Amino acid sequence: MTNQEISKILSQTADMLEIKGENPFKIRAYRNVAKIIENSSKDFEKLVKDGFDLTKIPGIGKDLSEYIKEIVLTKKFSKLEELKKEIPVGLLEMLSIEGLGPKRVKQIYDAFGVTSLEELKKYAESGELDKLPGFGPKLIEKILKGVKQLKKAGIRFLWADVEEIAKELKEYLLDFPGVEIVEIAGSYRRKKETVGDLDILVIAKDYPKVSEYFVKFKRVKEIYSAGLTRSTVFLDNGLQVDLRAVSKESYGATLHYFTGSKAHNIEIRKLALLKGLKVNEYGVYRGDEKIAGKSEEEVYKVLGLDYIEPELRENRGEIEAAINHTLPKLIELKDLKGDLHVHTNASDGRDDIENMVKRAIELKREYIAITDHSYSLKVANGLDKERLFKHLEKIDEIQKKYPEIKIIKGAEVDILEDGSLDYDDETLEMLDIVIGSIHTKFSGDQTKRILKALEKIDILGHPTNRIINKRSEIEANWEEIFYKAKELNVVLEINSHPKRLDLTDILAKKAKEIGCKFSINSDAHSTKALEYLKYGVNQARRGWLEKKDVINALSYKELISFFKDSK
Ligand code: DGT
Ligand code: CA
Ligand code: CA
Ligand code: ZN
């Protein structure tokens, strides 16, 4: 760790303390030490590792010397991580706007309660911001420019939020005469949980005409450029869309290039070079001779690789697996036979048991687990023992009415701060399936908390608790948790809610390698959300999961014996 890195962590912490309105002396101490370290000719990492007493350096007190040690030894600063969880992301984003330091961000927040770039823009445009002391027209202009740049660079859209518009755009383009193929490449095709922009490829007779038509799409708000082979627009929701003309002869190579990821592409090129070949967005070449490019399959084939699904193209071992013919056969939506995590209006869902069940039948599901919240989750109207009892009786009644589906009686039981569960053992006994999830208190030793809970649950719900663009993953030793889950036969959830998608792709892959099983659940709070399973499948595929890894790809009979064997 360089002095600069250490210093940056400390001054970031100071910024956040300032936004929070903490003691100015404390904040100044952080800033001073950040400056001392940045300007020092000594290597602080080395000082710490040599056991040098940092308080001997003028300006560094006892607390800060401990903090520096923590930063150097763990490459992290727990205080900063905590602050990041407390302070709205929007405020942190504002800090990166030129002209807005912590003082001004705090001023804006205190005066208007602004927590997002969108709101900041509104207040700047309406003239409200001018009223704050020190906010002149020059600064306002800077802020507006900064918001625009940040939105272009920073904001990533949930995959699920662009799905509709992506489909619409594709159909719109296909409607134009002479357009043969439209394909959306990039992170969208890789089904990444968030996308920065859409990269659309089009094969058409007369590209300039298509481009003219493209920029007239009803949701285009700003035309950034419209060239002979490439056009870029911004839609009314701020999403950037790039359109590119592609020739039929090089379609496969171009699609491969623009699907990415960049890291995958770079590895592919390295591999090609080793084989004396060259890959670019037009094809694969041996010397001047083009030997592939029409289809992606062809591109992979001449490189000696099995076809790699877009979801795997992240340079996480897929190329090696393609060489060795050990790529996974990825799970598909049609493999799923049921859903094991669903809420009703008995707790915080919108629809009643019967409607959820009816919708599940329409969706051709073989089984559904009704898993409402447990008692202590008051905000979610969690069920106490008495209400739970009546609720389970109700489920029995509805089961009689709908024999075509199997209803599993469950609950999403809150994992309390000490790792114990929110229902006593006797209550748990009444349930066929117990999902354990954390919903509050994200600091403290999460590893210990989860390890303890694993003893009593069937499924660990939304394991990391992240909310995309809002809340980061809890910190825990996942490897240890996965080993224990495997040992105890506790299934890990892939939560399909588009804002959760948790486990993440990377952790799912790791857990699979350890030998864990998964359940892809909707966590639906309405009949509509029962369809979220498709997003969970996307994420599961990015985590290399196959049908055999996923327990709700089992038939009802197999599922029951799975849980019986694991008890
Ligand atoms: P995004 O839009 O941030 O969600 O992520 P992508 O993957 O869609 O990235 P984007 O839109 O910047 O570019 C689309 C694809 O184009 C990317 O996945 C790979 C390819 N690409 C872009 N820049 C480079 C580059 O510098 N080198 C290579 N090898 N490929 C690139
Ligand atoms: Ca993109
Ligand atoms: Ca792009
Ligand atoms: Zn839930």
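Residues numbered from 1 in each chain as written. Chains lettered and ligands numbered in written order. Predicted model: local features only at pLDDT ≥ 70, side-chain atom pairs only at ≥ 80, totals over all residues. Heavy atoms only, no water.

Considering helix α23 (residues 533–542)
Alright, step 1. Among the ten residues that make up α23, nine are buried, leaving the element largely enclosed by the rest of the structure.
Alright, step 2. Among all positions of α23, only L533, Y535, G536, V537, N538, Q539, A540, R541 and R542 are buried. (Buried < 20%, exposed > 50% of the residue type's maximum accessible area, 1.4 Å probe, protein only. Helix = DSSP H or I, 4+ residues; strand = E, 2+ residues; numbered from the N terminus.)

Quick notes on the coordination of the calcium ion (ligand 3)
Alright, step 1. The coordination sphere of the calcium ion (ligand 3), as far as protein atoms go, consists of D197 (OD), D197 (OD), D199 (OD) and D242 (OD), spread over 2.2 to 2.9 Å.
Alright, step 2. Read in sequence order, the donor residues coordinating the calcium ion (ligand 3) give the pattern D-x1-D-x42-D.
Alright, step 3. A separation of 3.8 Å is found between the calcium ion (ligand 3) and the calcium ion (ligand 2), which are bridged by D197.
Alright, step 4. Its relative accessible area of 13% is what places D199 among the buried residues. (Donors = N, O, S within 2.8 Å, 3.2 Å for Na, K, Ca; no water.)

Focus on the site of ligand 1
Alright, step 1. Neighbouring ligand 1 are 16 residues, the closest being R156, S187, R190, G196 and D197.
Alright, step 2. Within the contact set of ligand 1, an oxygen atom lies 2.5 Å away from a side-chain nitrogen or oxygen of S187.
Alright, step 3. For ligand 1, an oxygen atom lies 3.0 Å from a polar atom in the side chain of D197.
Alright, step 4. For ligand 1, whose unbound accessible area comes to 600 Å², protein coverage reaches 71%.
Alright, step 5. When contributions to the shell around ligand 1 are tallied by element, the ones reaching two or more residues are α11 (186–189), β4 (197–204), α13 (251–259) and α14 (262–274).
Alright, step 6. Here the residues of the shell around ligand 1 are counted per class, giving three nonpolar, seven polar and six charged. (Near = heavy atom within 4 Å. Polar contact = N/O pair within 3.5 Å; in protein donor to acceptor, adjacent residues only side chain to side chain. Areas by Shrake-Rupley, 256 points an atom, 1.4 Å probe, with all protein chains shown as cover. Nonpolar A, V, L, I, M, F, W, Y, C, P; charged D, E, K, R; others polar.)

Brief notes about the coordination of the zinc ion (ligand 4)
Alright, step 1. Taken together, the protein donors to the zinc ion (ligand 4) comprise H341 (NE2), H343 (NE2), E412 (OE) and D523 (OD), at separations of 2.0 to 2.3 Å.
Alright, step 2. In terms of primary sequence, the donors binding the zinc ion (ligand 4) are separated according to H-x1-H-x68-E-x110-D. In this pair, H341 is assigned in strand β11 (residues 338–342) and D523 in the loop between β17 (518–521) and α23, connecting sequence segments 182 residues apart. Per residue, the accessibility class of H341 equals that of D523, and both read buried.

What to know about the environment of W544
Alright, step 1. Checked against the element boundaries, W544 lands in the loop between α23 and α24 (556–566).
Alright, step 2. C-alpha of W544 to C-alpha of K262: the two residues are 282 residues apart in sequence and 19 Å apart in space.
Alright, step 3. Aside from chain neighbours lying at most four places away, what touches W544 is L312, R316, G317, E318, A321, P328, L330, K509, K512 and D549. (Contact = heavy atoms within 4.5 Å.)

What to know about the packing of aromatic side chains
Alright, step 1. Tallied over the entire structure, the rule returns 15 aromatic pairs.
Alright, step 2. With centroids separated by 4.9 Å and ring planes inclined at 10°, the aromatic side chains of W159 and Y188 adopt a geometry described as stacked. Here W159, found in helix α10 (residues 159–174), pairs with Y188, found in helix α11; they are 29 residues apart in sequence, far enough to count as distant.
Alright, step 3. Between Y224 and F234 the ring centres are 6.0 Å apart and the planes differ by 85°, which places this aromatic pair in the edge-to-face class. (Phe/Tyr/Trp six-rings, centres within 6.5 Å; stacked < 30°, edge-to-face > 60°.)

A look at the pairing of strand β6 (residues 230–235)
Alright, step 1. Burial runs high along β6: five of the six residues are buried.
Alright, step 2. With five bridges connecting them, strand β5 (residues 220–226) and β6 associate as antiparallel partners. What sits directly across from A226, in β6, is S231.
Alright, step 3. Turn length for the β5-β6 hairpin, with the two strands adjacent in sequence and antiparallel, is three residues.
Alright, step 4. Pairing of β6 with strand β7 (residues 240–245) involves five bridges; the strand directions are antiparallel. (Pairing = 2+ DSSP bridges.)

Here's the deal with the domain arrangement of the protein
Alright, step 1. Along its sequence, the protein is organised into domain 1 (3–151), domain 2 (157–246), domain 3 (263–323) and domain 4 (333–566).
Alright, step 2. Using only C-alpha atoms to locate each centre, domain 3 and domain 4 end up separated by 39 Å.
Alright, step 3. If you look at the interface, domain 3 gives eight residues, while domain 4 gives six residues.
Alright, step 4. Between domain 3 and domain 4 lies a buried interface of about 700 Å² when both sides are counted; carbon and sulfur atoms form 47% of it.
Alright, step 5. Area buried by domain 3 at its contact with domain 4 is led by E311, L312 and R316, which between them contribute 78% of it.
Alright, step 6. In this assembly, domain 3 and domain 4 are joined by four salt bridges. (Domains from an automatic or database assignment. Buried area = accessible area lost by both parts, 1.4 Å probe. Salt bridge = Lys/Arg side-chain N within 4 Å of Asp/Glu carboxyl O.)

Here's the deal with the sheet that holds β5
Alright, step 1. Ordered by their spatial adjacency, five strands build an open sheet running β2-β4-β7-β6-β5, and the pairing between neighbours is mixed. Two strands bound the open sheet, and with one partner strand each, they are β2 (179–184) and β5. For this sheet, the mean inter-axis angle between neighbouring strands, taken without regard to orientation, is 20°.
Alright, step 2. Direction of pairing for β2 relative to β4: antiparallel, over a ladder of five bridges. Of the residues in β4, the one forming a bridge with I181 is I203. (Axes fitted to C-alpha atoms, helices over the stretch in contact; angles between N-to-C directions.)

Here we look at the side chain of D502
Alright, step 1. Structurally, D502 can be placed in the loop between β16 (491–495) and α22 (505–514).
Alright, step 2. Of the buried charged residues, D502 lacks a salt bridge, with R500 as the closest side chain of opposite charge at 5.1 Å.
Alright, step 3. Within polar-contact distance, the side chain of D502 engages the backbone nitrogen of T464 at 3.0 Å.
Alright, step 4. When residues no more than four places from it in sequence are discounted, the contact partners of D502 are H462, P463, T464, N465, R466, E493, I494 and N495. (Lys, Arg positive; Asp, Glu negative; His and termini not counted.)

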